Amino acid sequence: MSLTIACVAVNNYQGRQADYVNNLRKACQRQITIPHTFACITDDASGFASDIRIIEKPKNAWGWWCKIYLFSPGLFTGRCLFFDLDTLLLANLDDLANYDGPFACLGCARYNRMFWSGVLAWESGKYDFIWTEWMKAGYPLYGDGDDHWMDFILRSRRSAVVRVQTKFTGIYSYKHHKCEKKLPEDARLVYFTKPKPHQAADWVQRAWANGGLITPEEFKPKPSFAERLALKGQAT
């Protein structure tokens, strides 16, 4: 079955839209060996890599609400995998890319929310109602964002939903799991709220720009001011 890996990039994301899209594309090429098409729903594809499938954003959606368009009938075929642009892929994720079960989403570690749309996996055609029902409802700004709408409509259809952290290892929140200075040894995917990867720790910026860490030894956070003073004292 074919695989599409998708993202959404609108409103000149973080002032570095092309960088975020291209870096995520690079990470997918590096950490997912399964043949796939990389697609992006966007309002401006300037600077995007030439092999990215460009999908124009819908007129009646904006910001994160454009994610709902992922479920527009006929947009994709086969299995689909979605990553937020600020997702860091650090190691092989072929098992996630091969997932063929029910609708899967990222759970929010901090708030213990079942549904978080930073990572999504689904079979195309089975969940078109996420988009079509949103259109029928008049494109409502439901709850706090797109994930609240997806959660609501999937529950209303009694659709099975799997939390990816319960199926796959090595998935962490940069903030909640305090990854700035101690990256778990089994980390394969790190998701962000704030700061964003280009603003985060030095190791994050290196990994973000290079499509993930090559070896665990590359995780070398800068020492704190106190640690630098201690090292300086030992040298004298």
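The model shown is predicted, which means the values in this text are computed figures rather than measured ones.

The rules behind each value
- Residues numbered from 1 in each chain as written.
- Predicted model: local features only at pLDDT ≥ 70, side-chain atom pairs only at ≥ 80, totals over all residues.
- Heavy atoms only, no water.
- Core = buried A, V, L, I, M, F, W, Y, C linked by side-chain atoms within 4.5 Å.
- Buried < 20%, exposed > 50% of the residue type's maximum accessible area, 1.4 Å probe, protein only.
- Helix = DSSP H or I, 4+ residues; strand = E, 2+ residues; numbered from the N terminus.
- Contact = heavy atoms within 4.5 Å.
- Pairing = 2+ DSSP bridges.
- Salt bridge = Lys/Arg side-chain N within 4 Å of Asp/Glu carboxyl O.

1. Here we look at the nonpolar core
Then, number 1: Among the nonpolar cores identified, the biggest contains 52 residues, and V21, L81, F83, L88, Y174, L189 and W203 are the most heavily contacted of them.
Then, number 2: If you tally residues by element for this core, the top one is helix α1 (residues 17-31), at six residues.
Then, number 3: Contacts of Y174, omitting those with residues within four sequence positions, involve C179, E180, V190, Y191, F192, P195, A200, A201, W203 and V204.
Then, number 4: Counting 31 residues, the second largest nonpolar core, distinct from the first, contains C66, C105, M150 and I153.

2. Considering the sheet that holds strand β10 (residues 189-191)
Either a parallel or an antiparallel arrangement is found when strands of a sheet pair, and the pairing is made through backbone hydrogen bonds.
Then, number 1: Strands sit in the order β5-β10-β9 across an open sheet of three strands; the sheet is mixed. This sheet does not close on itself; its edge strands, each paired only once, are β5 (88-89) and β9 (171-173).
Then, number 2: Examined bridge by bridge, β5 and β10 share two bridges and lie antiparallel to one another. Residue pairing in the sheet places L89 in a bridge with L189 of β10.

3. Observations regarding the pattern of salt bridges
Pairs may arise between side chains of opposite charge once their charged atoms sit close together.
Then, number 1: Here the structure, examined in full by the defined rule, presents 12 salt bridges.
Then, number 2: One salt bridge connects R16 with D19, and the closest N-O pair in it is separated by 3.1 Å.
Then, number 3: Taking the relative accessible area as the measure of exposure, R16 reaches 32% and is therefore partly exposed.
Then, number 4: Here R206 and D202 are joined by a salt bridge, their closest N and O atoms 2.3 Å apart. With a gap of four residues between them, R206 and D202 both fall in helix α6 (residues 202-210), about one helical turn apart.
Then, number 5: For D202, a relative accessible area of 28% gives the class partly exposed.
Then, number 6: Put simply, K67, D84 and D146 are held in one network by salt bridges that share partners.

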